[in-house]
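Summary of structural features
Listed below, chain by chain, are the residues.
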Amino acid sequence: MGKTVTTRVDEKLSERIDEIAEEEGLDRSTVVRKFLADGTKNWLIERSFEDYEAGRITLWQAADRCGLSLWEMIQEAGEREIHVPYTVDELEEDLRALE
């Protein structure tokens, strides 16, 4: 069983959530859970790209942190228009990690 998390939102946001729930044929809780999951994943990917661009982690480590394959992470970079200076050294390191 999941853990209950509660929060207050303003009336306008509550109405929008209800509209989305109705349009999608879902209940409010399901919509909120989906938004939280999507927002959390997006935040983690953005933070991982920041760490990657700053040289704190490799692209492989960023992908692993996000629960994505290296190729999925490269695709995310393309969709987000993030420059991925993937070097031969990084490729060799990533390939060693697969062994």
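Residues numbered from 1 in each chain as written. Predicted model: local features only at pLDDT ≥ 70, side-chain atom pairs only at ≥ 80, totals over all residues. Heavy atoms only, no water.

Going by the annotation in an unreviewed UniProt entry, the name recorded for the chain is Ribbon-helix-helix protein CopG domain-containing protein, with candidate division MSBL1 archaeon SCGC-AAA259D18 given as the source organism.

**So, the packing of helix α2 (residues 28-53) against helix α4 (residues 70-79)**
The relative placement of two packed helices is expressed as an angle between their axes plus a distance between the axes. Using the following cut-off: A fitted line through C-alpha atoms serves as each axis, taken over the contacting stretch for helices, and the angle formed by two N-to-C directions is quoted from 0 to 180°. Only DSSP runs of H or I covering at least 4 residues are called helices, and only runs of E covering at least 2 are called strands; the numbering of each starts at the N terminus. The labels follow the angle: roughly parallel below 35 degrees, roughly antiparallel above 145, roughly perpendicular from 65 to 115, and oblique for the rest. Note on definitions: a residue-residue contact is assigned when non-hydrogen atoms from the two residues lie within 4.5 Å. The classification used treats Ala, Val, Leu, Ile, Met, Phe, Trp, Tyr, Cys and Pro as nonpolar, Asp, Glu, Lys and Arg as charged, and all other residues, Gly among them, as polar.
At a minimum axis distance of 12 Å, the contact between α2 and α4 shows a crossing angle of 90 degrees. Comparing their axes, α4 and α2 come out roughly perpendicular. Here α2 contributes Ile45, Ser48 and Phe49 to the contact with α4, which in turn contributes Met73, Glu76 and Ala77. Classifying every residue of the contact of α2 with α4 gives 4 nonpolar, 1 polar and 1 charged.

**Re a nonpolar patch on the surface**
The criterion, for reference: A patch consists of residues exposed above 30% relative accessible area that lack any salt bridge, with like charges linked at up to 9 Å and nonpolar side chains (Val, Leu, Ile, Met, Phe, Trp, Tyr) linked at up to 5 Å. In short, Shrake-Rupley with a 1.4 Å probe defines the accessible areas, and a residue's cover is counted only from the protein chains shown. Salt-bridge detection follows one rule: a side-chain nitrogen of Lys or Arg within 4 Å of a carboxyl oxygen of Asp or Glu.
Residues Leu91, Leu95 and Leu98 make up a contiguous nonpolar surface patch of about 270 Å² in total accessible area. One can find Leu98 in helix α5 (residues 88-98).

**Side note on the pattern of salt bridges**
Keep this limit in mind: Exposure is judged per residue with a 1.4 Å probe applied to protein chains only, and the accessible area is read against the type maximum: over 50% gives exposed, under 20% gives buried, and values in between give partly exposed.
With the rule as written, the count across this model stands at 7 salt bridges. In this structure, Glu76 and Arg80 form a salt bridge, with 2.8 Å as the shortest nitrogen-oxygen distance. Residue classification places Glu76 among the buried positions, given a relative accessible area of 16%. A network of salt bridges, in which partner residues are shared, links Glu46, Glu76 and Arg80.

**Notes on the nonpolar core**
Rules: Only buried residues count toward a nonpolar core, which is a set of Ala, Val, Leu, Ile, Met, Phe, Trp, Tyr and Cys residues joined through side-chain atoms within 4.5 Å.
Ranked by internal contacts, the top residues of the largest apolar core, which has 13 residues, are Ile45, Phe49, Leu59, Cys66, Leu68 and Met73. Mapped onto this core, the elements with two or more residues apiece are α2, α3 (59-66) and α4. Top contributing element to this core by residue count: α3, with 4 residues. Setting aside anything within four residues of it in sequence, one finds Met73 in contact with Ile45, Ser48, Phe49, Leu59, Ala62, Ala63, Cys66 and Leu68.

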